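One-letter residues, chain by chain:
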Amino acid sequence: MRTKCVRAAWSFALCLSVALTACDDENNENDGPVVPPPVDESIDLTASEAYANCFIVTEADEYRFATRKVDGSDVEGIVSVDWLWSTKNAAGNPLVSEVSYKDGIVHFTSDGTEGNTVLAAFDAKGEVIWSWHLWMTDQPELFAYDEGGELMDRNLGATSALEADGAASFGLLYQWGRKDPFVGAKELGKDAPIGGASETAAFGTQTAAYEKNTIDQTAYAFDVIGNDDNTITDCVAYAVQHPTTFIKYVVSVGNSGVSTWFNSDLSNFSDLWGAVSGRKSVYDPCPAGYKVPVDSAEAWGGFAKADVTSSAGSFGVTLNEAFYPCSGWRDVSGMLKQVGTYAKAASATAPTNQANILQIMYYKATAAATTYTTMFSNSGKSFIAGGIPVRCVKE
């Protein structure tokens, strides 16, 4: 009983001491006003808790976003974030500055120039663990398709939806199933013959200019590696960790299929863009609220060659009032092909080593020809290792 009394007395004394200290603090004239924490006035690109691998940036300002994947899971182990490559502004500089990372949030400043930039998260070893595409453009409009929902008016990465703006309407190119973009062609190409303008080496003379960043002595330029390279154990993990490396097809590895970028059984990868699950996948390259169309036959269903219109020298076609530029594609080795004669758009469905795509051709048989040939297919095929445009559909 004595012990309880002593403890009670001690507790009373302690409470009294705390109360008197609080009174002293309130009456201390030297204390200044309580300063609230600073308000982050940057634009929150993930304020709606809709996460994506691509963010649309429409104007010059300060921005932030949470470092999460499409499914809302955290990207763990981040030590720093920086830009990897960028379109150049008028002064030849990247489009972003003041890139920083703290407590799961990336901050950056956009100078307002239209174009594209990729930011990457690095771990303690200085290795890339995830990346995000910043698409600097005006907000794309939507066009309703009877069977395919609402599609954007432009290719992913394009800064214009207009024929008059030439290569600005081309956008970026994607290997099927990968979330990170590759730069496309720098100019309109050729409308004759069917081969258009093509490169003889990957990321060669036809490739659009960009600024590469050098981080810890690593220059993040676009390059190529074979799918059979012994440094690649898990090809999907490698693709995530090397967002500027085009994985070209060399040989079928472990039943990976001809002309894919895989190095194990082809059946392991059928849902990379969500065609099987029906959900937007963590590797989907489209902004929040959009995804890669599930199947080209559905997205562009009901259309035929008669619905395609164009005119001499346009380097593109119009379908359902939307312009589709003949921006070409990258073959399974990473080389640009058929720039000026071929318009493509990807879908998430790849039942074999070839994915289903929209495919439109508009070309002259010879440079001297006065008439053009038009070809259309909403169930075209493209080898998985090739790089083609994406036109996102509203979820």
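Colleague: So what about unusual backbone geometry? Which residues, and what values?
Modeller: Residues alanine 192 and proline 193 are joined by a peptide bond in cis, for which omega reads -15 degrees. Considering the arrangement of structural elements, one finds proline 193 in the loop between strand 11 (174–175) and strand 12 (211–212). Here the phi dihedral of aspartate 103 falls at roughly 50 degrees; this positive angle occurs in a residue that is not glycine. The residue aspartate 103 is located in the loop between strand 5 (96–102) and strand 6 (105–110) in this model. Taking relative accessible area as the criterion, aspartate 103 reaches 69% and is therefore assigned exposed. Backbone geometry at serine 259 places phi at a positive 65 degrees, although glycine is not the residue there. Its place among the elements puts serine 259 in the loop between strand 16 (245–248) and strand 17 (290–291).

Colleague: Give me the lowdown on the environment of glycine 184, citing residues and values where you can.
Modeller: By the element assignment, glycine 184 lies in the loop between strand 11 and strand 12. Glycine 184 sits in the buried class, given a relative accessible area of 6%. Discounting chain neighbours no more than four positions away, the residues touching glycine 184 are Gly171, Leu173, Gln206, Thr207, Ala208, Arg330 and Leu336.

Colleague: Tell me about the sheet that holds strand 1 (residues 43–44), and name the residues and values.
Modeller: Strand order across the open sheet formed by 4 strands is 1-3-6-5, with mixed pairing between neighbours. Taken across any chain shown, the strands that pair with only one partner, and hence form the sheet edges, are strand 1 and strand 5. Pairing analysis gives 2 bridges linking strand 1 to strand 3 (residues 61–66), with the strands arranged parallel. Paired with aspartate 44 across the two strands is arginine 64, which belongs to strand 3.

Colleague: So what's going on with the nonpolar core? Residues and values would help.
Modeller: Of all hydrophobic cores here, the largest spans 52 residues; its most connected members are Leu84, Leu156, Trp176, Trp261, Phe262, Trp273 and Val390. Where this core is concerned, the elements lending two or more residues are strand 2 (54–57), strand 4 (80–86), strand 7 (115–122), strand 8 (128–136), helix 2 (235–241), strand 16, strand 22 (342–346) and strand 23 (354–363). Filtering out sequence-adjacent residues up to four positions away, tryptophan 261 remains in contact with Gln175, Trp176, Gly177, Arg178, Asn227, Cys235, Val236, Ala239, Ile247, Leu272, Ile384 and Ala385. In this structure, Val81, Leu119, Trp132 and Leu134 belong to the second largest nonpolar core, which totals 20 residues.

Colleague: Break down the sheet that holds strand 2 for me, citing the residues and quoting the values.
Modeller: Ordered in space as 2-8-7-4-12, the 5 strands form an open sheet in which the pairing is mixed. Each edge of the sheet is formed by a strand with only one pairing partner; in this case those strands are strand 2 and strand 12. Note: strand 4 against strand 7, 6 bridges, orientation antiparallel. Note that in strand 7 the partner of serine 80 across the bridge is phenylalanine 122.

How each quantity is defined
Residue positions are given per chain, counting from 1 as you read along its sequence in written order. It should be noted that, the model being predicted, local features are given only for residues of pLDDT at least 70 and side-chain atom pairs only at 80 or more, the latter also being counted only at that level, while totals for whole chains, interfaces and linings use all residues. Side-chain descriptors were evaluated using all non-hydrogen atoms of the structure, hydrogens and water having been removed beforehand. Every helix listed is a DSSP run of H or I at least four residues long, and every strand listed is a run of E at least two residues long, numbered separately from the N terminus. Relative accessibility thresholds used throughout: buried, under 20% of the residue-type maximum; exposed, over 50%; partly exposed, between the two (1.4 Å probe, protein chains only). In this description, contact between two residues means that some pair of their heavy atoms is separated by no more than 4.5 Å. Strands were regarded as paired on the criterion that DSSP finds at least two bridges between them. Buried Ala, Val, Leu, Ile, Met, Phe, Trp, Tyr and Cys residues form a nonpolar core when they are joined through side-chain atoms within 4.5 Å.

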